[in-house]
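Coordinates in review
Listed here are the chains, written in short residue letters.
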Amino acid sequence: MQANDLAFDRRHIWHPYTSMTRPLPAYPVVSADGCELTLSDGRRLVDGMSSWWAAIHGYNHPVINQAMKDQIGRMSHVMFGGITHPPAVALCRRLVALTPAGLDCVFLADSGSVAVEVAIKMALQYWQARGEPRRELLALRQGYHGDTFGAMSVCDPDNSMHSLYQGYLPPHRFIEAPRRRFDDTWREGDDAPLAALLAAHHRTLAAVILEPIVQGAGGMRFYHPEYLRRARALCDRYGILLIADEIATGFGRTGEWFACNLAGISPDILCVGKALTGGALTLSATLTRRHVADTLSDGDAGCFMHGPTFMANPLACAAANASLSLLEDESWRPRVAAIAAGLSAGLLPLADHPRVRDVRVLGAIGVVETTQPVNMAALQRWFVDRGVWIRPFGKLIYLMPPYIISPPALAWLIDAITDALDSPTHFLS
Ligand SMILES: *Cc1c(COP(=O)(O)O)cnc(C)c1O
């Protein structure tokens, strides 16, 4: 890319969460293959991010590419209203089989945020159809569910700056984030705040929405599976729907197919996205139980009121089918376990570093929480100069590499983080 392309980018193009007046630098990537991104000046970076949880098989994967090429030759898109097609049917068959038990009805959409909107609308229509309209949701603090209004309304109110959109966001209930860590010993009473809140408010709540086990963009926290089991049991006791947002965690990232499997539970509504296509195209799905689908279908509306233009895009479904076929032999299990072992061996000792507040590893996710916020521009540049692509935010420097990463490449990422901690210029005071 030419210098004037970058100047145009800076002047005219928004990037995620950036300013138009003071944009952070954007690095020009011209291709990506396996675990490497190639910059326009020829430098190659080891990818530690999987493009935000998505590229689990790495980039430019021959099986996914071939599936997309084959599908392009047949049709890239056709409307889903009144039409169905083989890639969608194959994908939904797979999703029903792979996801936790009882999730039998699939709604395909185009992004994670929309999958969450769909989940919320399903819950609202469910209660409407029962003749007992409920609008309130219960969400966890430090949660993240996307950037559209419905999704944002259940994100952590402080992290996602609810104050900016006051009057636009429906008010929901929030409960403190689960405190017991994933590998701590569960103590009786750890779920007391949740139990108390549900006891008090279950009559007005439509659903509980949460990210199972891993709270992603809202803080990269891993909580105890027993919390999730208790949440499931409490929702059952009061007849409230449980919505599990597995958009970040789905498809092996935590060491299980889904984070819900770590607790042995099944939600009433499940959202998946991100890694669904192996990172090749945007696609998401919201699955629900037959009784939820039947109840809302028999309500006043007579149907579920949602239908994206690009619903079930055949090309994206073909990519997803290819990605799932790569996962089906479960060879990702030993790979994710090896990444977990590598991250634990490399990152956990950093807990003693004076700039480190906490280190945690779960599956192919490694998090270093620092005492000071990172100087994003300075640290990002330093990482790029080191030949790694790691995108820190706030006080979090974290890795979620493609499952195919080699041990030396993983060590390269870990070494970069280790050395980064030693420079005061990488942190704000
Ligand atoms: C990324 C994410 C979303 C939003 O997905 P988009 O595709 O960015 O709209 C929702 N929930 C969770 C848990 C996520 O990680």
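Residues numbered from 1 in each chain as written. Predicted model: local features only at pLDDT ≥ 70, side-chain atom pairs only at ≥ 80, totals over all residues. Heavy atoms only, no water.

**Description of the sheet that holds strand β13 (residues 356–362)**
In space, the 3 strands of this open sheet follow the order β13-β14-β16, with antiparallel pairing throughout. Edge strands, defined here as strands with exactly one partner in the open sheet, are β13 and β16 (396–399). Between one strand axis and the next, the sheet turns through 10° on average, direction left out of account. Strand direction decides the pairing type here: strand β14 (residues 365–370) and β16, joined by 4 bridges, are antiparallel. Note that in β16 the partner of Val-367 across the bridge is Tyr-398. (Pairing = 2+ DSSP bridges. Helix = DSSP H or I, 4+ residues; strand = E, 2+ residues; numbered from the N terminus. Axes fitted to C-alpha atoms, helices over the stretch in contact; angles between N-to-C directions.)

**A few points about the UniProt feature "binding site: pyridoxal 5'-phosphate" (unreviewed entry) in the protein**
The UniProt entry lists Gly-112, Ser-113, Asp-245, Pro-308 and Thr-309 under the feature "binding site: pyridoxal 5'-phosphate" (unreviewed entry), expressed in the numbering used here. These annotated residues cover 198 residues of sequence, and their C-alpha atoms reach 22.9 Å apart at the extremes, leaving them scattered rather than at a single site. One can find Gly-112 in helix α5 (residues 112–129). In contact with Gly-112, not counting residues within four places along its chain, are Ile-247 and Ser-284. Residue placement: Pro-308 occurs in the loop between α10 (290–297) and α11 (314–327). Owing to a relative accessible area of 15%, Pro-308 belongs among the buried residues under this scheme. When neighbours within four sequence positions are excluded, Pro-308 is seen to be in contact with Phe-107, Leu-108, Ala-109 and Asp-110. (UniProt positions renumbered as here; feature names shortened; annotations may be inferred. Contact = heavy atoms within 4.5 Å. Buried < 20%, exposed > 50% of the residue type's maximum accessible area, 1.4 Å probe, protein only.)

**Some words on the pairing of strand β5 (residues 136–140)**
With 5 of 5 residues buried, β5 is to be regarded as a mostly interior element. Of the two faces of β5, both are covered, the one formed by Glu-136, Leu-138 and Leu-140 as well as the one formed by Leu-137 and Ala-139. Direction of pairing for β5 relative to strand β7 (residues 205–210): parallel, over a ladder of 4 bridges. Among the inter-strand pairings, Glu-136 is bridged to a residue of β7, identified as Leu-205.

**With respect to a nonpolar patch on the surface**
A surface patch of nonpolar side chains, amounting to about 560 Å² of accessible area, comprises Phe-149, Met-161, Leu-164, Tyr-165 and Tyr-168. Structurally, the position occupied by Tyr-165 is in the loop between α6 (149–153) and β6 (173–175). (Patch = residues over 30% accessible without salt bridge, like charges linked within 9 Å, V, L, I, M, F, W, Y side chains within 5 Å. Areas by Shrake-Rupley, 256 points an atom, 1.4 Å probe, with all protein chains shown as cover. Salt bridge = Lys/Arg side-chain N within 4 Å of Asp/Glu carboxyl O.)

**Quick notes on unusual backbone geometry**
Even without being glycine, Ser-50 reaches a positive phi, approximately 50°. Here Ser-50 lies in helix α2 (residues 50–53). What makes Ser-50 buried here is its relative accessible area of 0%. With phi around 55°, Met-161 is a residue other than glycine that occupies positive phi space. Of note, Met-161 is situated in the loop between α6 and β6.

**Side note on the UniProt feature "binding site: substrate" (unreviewed entry) in the protein**
Within the UniProt annotation, "binding site: substrate" (unreviewed entry) is assigned to Trp-52, Tyr-144, Lys-274, Gly-307 and Arg-391. Spatial dispersion of the annotated residues is evident: they stretch over 340 residues in sequence, and the largest pairwise C-alpha distance comes to 34.2 Å. With respect to the element layout, Tyr-144 can be found in the loop between β5 and α6. What makes Tyr-144 partly exposed here is its relative accessible area of 23%. Setting aside residues up to four positions removed in sequence, Tyr-144 forms contacts with Tyr-17, Cys-155, Glu-211, Ala-217, Gly-218 and Asp-245. Of the polar contacts made by the side chain of Tyr-144, one reaches the side chain of Asp-147; its length is 2.8 Å. Among the secondary structure elements, Gly-307 is positioned in the loop between α10 and α11. According to the relative accessible area criterion, Gly-307 is exposed, its value standing at 56%. (Polar contact = N/O pair within 3.5 Å; in protein donor to acceptor, adjacent residues only side chain to side chain.)

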